Amino acid sequence: MAFARYSRDGSFAVLGANLRFTMVMAAGSIAGAVLGGLLLGMFSDLVLIPALAAILLVSAAKLARHE
């Protein structure tokens, strides 16, 4: 639904106008997914899950305070 909504109002035009930034963000996302997948075998679930939960909580708090 979000893609349909943003497509209708022209919000995706910003991505086309900033193609280099969009490509860097996409490459960073792919690299993060690959590195995260590799880290799964290196760290115990007892360490990884609380660390990821802490990252999500910090991100949520920052988003909640953003005006």
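Residues numbered from 1 in each chain as written. Predicted model: local features only at pLDDT ≥ 70, side-chain atom pairs only at ≥ 80, totals over all residues. Heavy atoms only, no water.

Our focus in this paragraph is the overall build of the chain. Scanning the chain from terminus to terminus reveals four helices and zero strands. Listed N to C, the secondary structure of the chain is α-α-α-α in terms of helices and strands. Taken over C-alpha atoms, the radius of gyration comes to 17 Å for the chain, far larger than the 11 Å a tight globule of 67 residues would show. Projected onto the principal axes, the alpha-carbon positions of the chain cover approximately 45 × 30 × 20 Å. Expressed as a percentage of the 67 residues in the chain, the buried residues total 1%. (Helix = DSSP H or I, 4+ residues; strand = E, 2+ residues; numbered from the N terminus. Rg over C-alpha atoms; globule rule 2.2 N^0.38 Å. Buried < 20%, exposed > 50% of the residue type's maximum accessible area, 1.4 Å probe, protein only.)

Our next topic: the confidence of the model for the chain. In the predicted model, the chain carries a mean pLDDT of 85, and the fraction of residues at 70 or more is 99%. Confidence, expressed as mean pLDDT per element, reaches its minimum in the chain at helix α1 (residues 2–8) with 73 and its maximum at helix α4 (residues 45–65) with 91. (pLDDT = per-residue confidence, 0-100.)

To continue, consider α4. End to end, α4 covers 30 Å across 21 residues, agreeing with the expected 30 Å (1.5 Å per residue, within 8%). Along α4, only one of the 21 residues are buried, which leaves the element largely exposed. (Expected span 1.5 Å × (residues − 1).)

Attention now goes to a nonpolar patch on the surface. A contiguous nonpolar surface patch, about 540 Å² in accessible area, is contributed by L39, M42, F43, L46 and V47. Within the fold, V47 resides in helix α4. Under the relative-accessibility criterion, V47 is labelled partly exposed at 48%. (Patch = residues over 30% accessible without salt bridge, like charges linked within 9 Å, V, L, I, M, F, W, Y side chains within 5 Å. Areas by Shrake-Rupley, 256 points an atom, 1.4 Å probe, with all protein chains shown as cover. Salt bridge = Lys/Arg side-chain N within 4 Å of Asp/Glu carboxyl O.)

Bringing the environment of F12 into the picture now. Relative to the helices and strands, F12 is located in the loop between α1 and α2 (13–17). Classification of F12 by relative accessible area gives partly exposed; the value is 32%. Setting aside residues no more than four positions away along its own chain, F12 makes contact with F3, Y6 and S7. (Contact = heavy atoms within 4.5 Å.)

Right, let's talk about the environment of I55 for a bit. As for its position among the elements, I55 is in helix α4. I55 sits in the exposed class, given a relative accessible area of 54%. When the C-alpha atoms of I55 and F43 are compared, they prove to be 16 Å apart, with twelve residues separating the residues in sequence.

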